[in-house]
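# Understanding the architecture of this molecule
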Amino acid sequence: MTAALHRSHTTTGPAHLDADREALRQRPTRRVLSALEHPGQVFEHITPNWFASVMGTGIVANAAVTLPIHIPGLHTFAIAVWIAASTALVTLTAAFAVHWTRHRTHARTHAAHPVMVQFYGAPPMALLTVGAGTILLGKDLIGPGAATAVFAVLWTVGTALGLLTAVLVPYLMITAHDHDTAVALPAWLMPVVPPMVSASTGALLLPHITDGQWRLTMLAGCYAMFGLSLIIGMLTMTLIYGRLVHGGIPAVQAAPTVWITLGMIGQSITAATLLGNDAPLVFTGDNAAVATGLHVFGIVYGFAMGGFGVLMFVLAAALTVHAARKGLSFSLTWWSFTFPVGTCVTGASALGAAVGSNAVDIAAVGLYAVLLTAWGTVATHTLRGSLRGHLFLAT
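Okay, so let's go over this structure. Predicted model only: the values in this text are computed from it and were never measured.

## Some points on the overall build of the chain
Each helix and strand in the chain was counted, giving 12 helices and 0 strands. Ordered by position from the N terminus, the helices and strands of the chain form the series α-α-α-α-α-α-α-α-α-α-α-α. Its C-alpha radius of gyration of 23 Å places the chain within 12% of the 21 Å reference for a compact globule of 395 residues. Its C-alpha atoms give the chain principal-axis dimensions of roughly 95 × 55 × 40 Å. Residues counted as buried form 49% of the 395 residues belonging to the chain. Nonlocal contacts in the chain, meaning residues at least 24 apart in sequence, comprise 83% of its contacts between residues at least 6 apart.

## With respect to the side chain of Thr 159
With respect to the helices and strands, the residue Thr 159 is situated in helix H6 (residues 144-175). Using a relative accessible area of 8% as the deciding quantity, one classes Thr 159 as buried. If we skip the residues at most four places from it in the chain, Thr 159 touches Leu 128, Ser 198 and Met 225.

## Section: a nonpolar patch on the surface
Nonpolar side chains collect at one region of the surface, where Val 153, Val 157, Leu 161, Leu 164, Leu 168 and Tyr 171 lie side by side and expose about 540 Å² of accessible area between them. Considering the arrangement of structural elements, one finds Leu 161 in helix H6. For Leu 161, a relative accessible area of 36% corresponds to the partly exposed category.

## Observations concerning the nonpolar core
Soluble, globular proteins show a tendency: their nonpolar side chains are buried together. In this structure, Trp 155, Phe 226, Tyr 368 and Leu 371 are the most contacted members of the largest nonpolar core, which totals 104 residues. With sequence-adjacent residues up to four places away left out, Trp 155 is seen in contact with Leu 128, Ser 198, Thr 201, Gly 202, Leu 205, Met 218, Cys 222 and Met 225. Membership of the second largest hydrophobic core comes to 5 residues, among which are Ile 299, Ala 348, Val 360 and Ala 364.

## Structural notes on helix H10 (residues 288-325)
For H10, spanning 38 residues, the distance from its first C-alpha to its last is 55 Å, which sits close to the expected 56 Å at 1.5 Å a residue. Following H10 by one or two positions, Gly 327 has its phi on the positive side, about 105 degrees.

## Description of the packing of helix H3 (residues 74-102) against helix H4 (residues 104-112)
For the pair H3 and H4, the least separation of the axes is 5 Å and the interaxial angle reads 105 degrees. With respect to each other, H3 and H4 are oriented roughly perpendicular. Counted together, His 99, Trp 100, Thr 101 and Arg 102 of H3 and Arg 104, His 106, Ala 107, Arg 108, His 110 and Ala 111 of H4 form the full contact between these two elements. Taken together, the residues of the contact of H3 with H4 break down into 3 nonpolar, 4 polar and 3 charged.

## Topic: helix H11 (residues 339-355)
Taking 1.5 Å per residue, 17 residues should reach 24 Å; H11 reaches 25 Å between its end C-alpha atoms and fits that length. The element H11 is extensively covered by neighbouring structure, given that 14 of its 17 residues are classed as buried. With its phi angle positive at about 70 degrees, Gly 356 sits one or two positions after the end of H11.

## Describing the packing of aromatic side chains
Following the criterion strictly, the structure yields 11 aromatic pairs and no others. Relative to Tyr 301, the ring of Phe 226 lies with its centre 5.5 Å away and its plane at 75 degrees, an arrangement referred to as edge-to-face. Remark: Tyr 301 occurs in helix H10 and Phe 226 occurs in helix H8 (residues 213-247); sequence separation between them is 75 residues. Take Phe 226 and Tyr 301: they sit in the same class, and that class is buried. An aromatic cluster is present here, built from Trp 259, Phe 313, Phe 330, Trp 334 and Phe 337 joined pairwise through their rings.

Cut-offs applied
Positions within a chain are numbered from 1, following the residues in the order the chain's sequence is written. Since the coordinates come from a predicted model, pLDDT governs what is reported: local features require at least 70, and pairs of side-chain atoms require 80 or more to be given and counted, while whole-chain, interface and lining totals use all residues. Processing note: side-chain calculations cover all non-hydrogen atoms of the structure and skip hydrogens and water entirely. Secondary structure elements are defined from DSSP: runs of H or I of at least 4 residues count as helices, runs of E of at least 2 residues count as strands, and each element is numbered from the N terminus. Only C-alpha atoms enter the radius of gyration; for comparison, a globular chain is expected to reach 2.2 Å times N to the power 0.38, where N is the number of residues. Think of it in three bands: residues with accessible area under 20% of the maximum for their type are buried, residues over 50% are exposed, and the middle band is partly exposed, with areas taken using a 1.4 Å probe on protein chains only. When checking whether two residues touch, look at their non-hydrogen atoms; a contact exists if any pair is within 4.5 Å. Each patch is built from residues that are more than 30% exposed by relative accessible area and take part in no salt bridge. Like charges join if they lie within 9 Å; nonpolar side chains (Val, Leu, Ile, Met, Phe, Trp, Tyr) join within 5 Å. Using a 1.4 Å probe, accessible areas were evaluated by the Shrake-Rupley method; residue-level cover was limited to the displayed protein chains. By definition here, a salt bridge exists when the distance from a side-chain nitrogen of Lys or Arg to a carboxyl oxygen of Asp or Glu is within 4 Å. Among buried residues, the Ala, Val, Leu, Ile, Met, Phe, Trp, Tyr and Cys ones that are joined through side-chain atoms within 4.5 Å form a nonpolar core. Helix span, as expected, comes to 1.5 Å for every residue beyond the first. Geometry is summarised by axes, namely lines fitted to C-alpha atoms with helices restricted to the contacting stretch, and by angles between N-to-C directions that run from 0 to 180 degrees. For classification purposes, angles smaller than 35 degrees are called roughly parallel, those larger than 145 roughly antiparallel, those between 65 and 115 roughly perpendicular, and all remaining angles oblique. The classification used treats Ala, Val, Leu, Ile, Met, Phe, Trp, Tyr, Cys and Pro as nonpolar, Asp, Glu, Lys and Arg as charged, and all other residues, Gly among them, as polar. Aromatic rings from Phe, Tyr and Trp, with only the six-membered ring used for Trp, were paired whenever their centres fell within 6.5 Å, and each pair was classed as stacked if the ring planes differed by under 30 degrees, edge-to-face if by over 60, and tilted otherwise.

What follows is the structure in structure tokens.
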């Protein structure tokens, strides 16, 4: 960021006025995209981690709907944020397509990079997050029928891409990456979490599925994705925790990615609780006991995983403070402060509603306050860096 030019206003004659005018002409400007050589350079380095901004913005809107309290104006605010996330999704999708069309060499280089390829999990999660916002908030603008249709399309596409990423990225890690220099990173969770997001958002779609075998298949599929993501996610988190303990903290600029671990925790609590709530739609009559069991499972799982979440939240916060003291500066990794915390809000809200716990409800509201603070800070920096063009340069 260019420093502001300070000059004295105590001039006494024409010569000084001329000097002031010359200084203003030579003053570094802050015009739009001033950091770029030409506007088209915007598309050269549109990496998949840009979609984390859609995830982080969308979860602010979605989490607001789940809160256990009513705040005047919050719903209107949530709709406005959902519109912003939807606009960002469309814009970034178009920019990403241009990137792959015009700058295929850069795109392939990013896709082959052992760290950047992990963030190909972000686009499907962005689709799922905006899709969930459509059914929760968009229905007020476009109507329930259209909102359900849009959500179904976004959920289907996001789920397909997420499952593909969950398989393809580990395959590339096994067959194509350099194993001599490989170390477990929090970013390894990015291609693993999308199926969990599909499971939790699928619970919102389940009531709109035709009753009978279709709804049963949908519920079973969501639980299968829950298990897929949970098991490989916990194995990955074990590697990450071991890497942190034995190898120390990651590089200063990568420290925010530690918060990604909370994404798996919060999203799994959300999925387990919401799917348990929906189970009575599928299991009735003689099978009602199955629905009760799944509901109880969601509650027990939520509290157990919530304890782990508290540990990781405190640890991530402490490591972030440590990195800040070491000179942490803004980058797109700061979006890791948003979506993971948002999933903890939705998880706590769902769990609090399931058991009627005031303490859990208070935790959800407190976490949402943290989320708003983080989102406001990161979104402001991102908007400023985008307008000046700095964020579109290769790093």
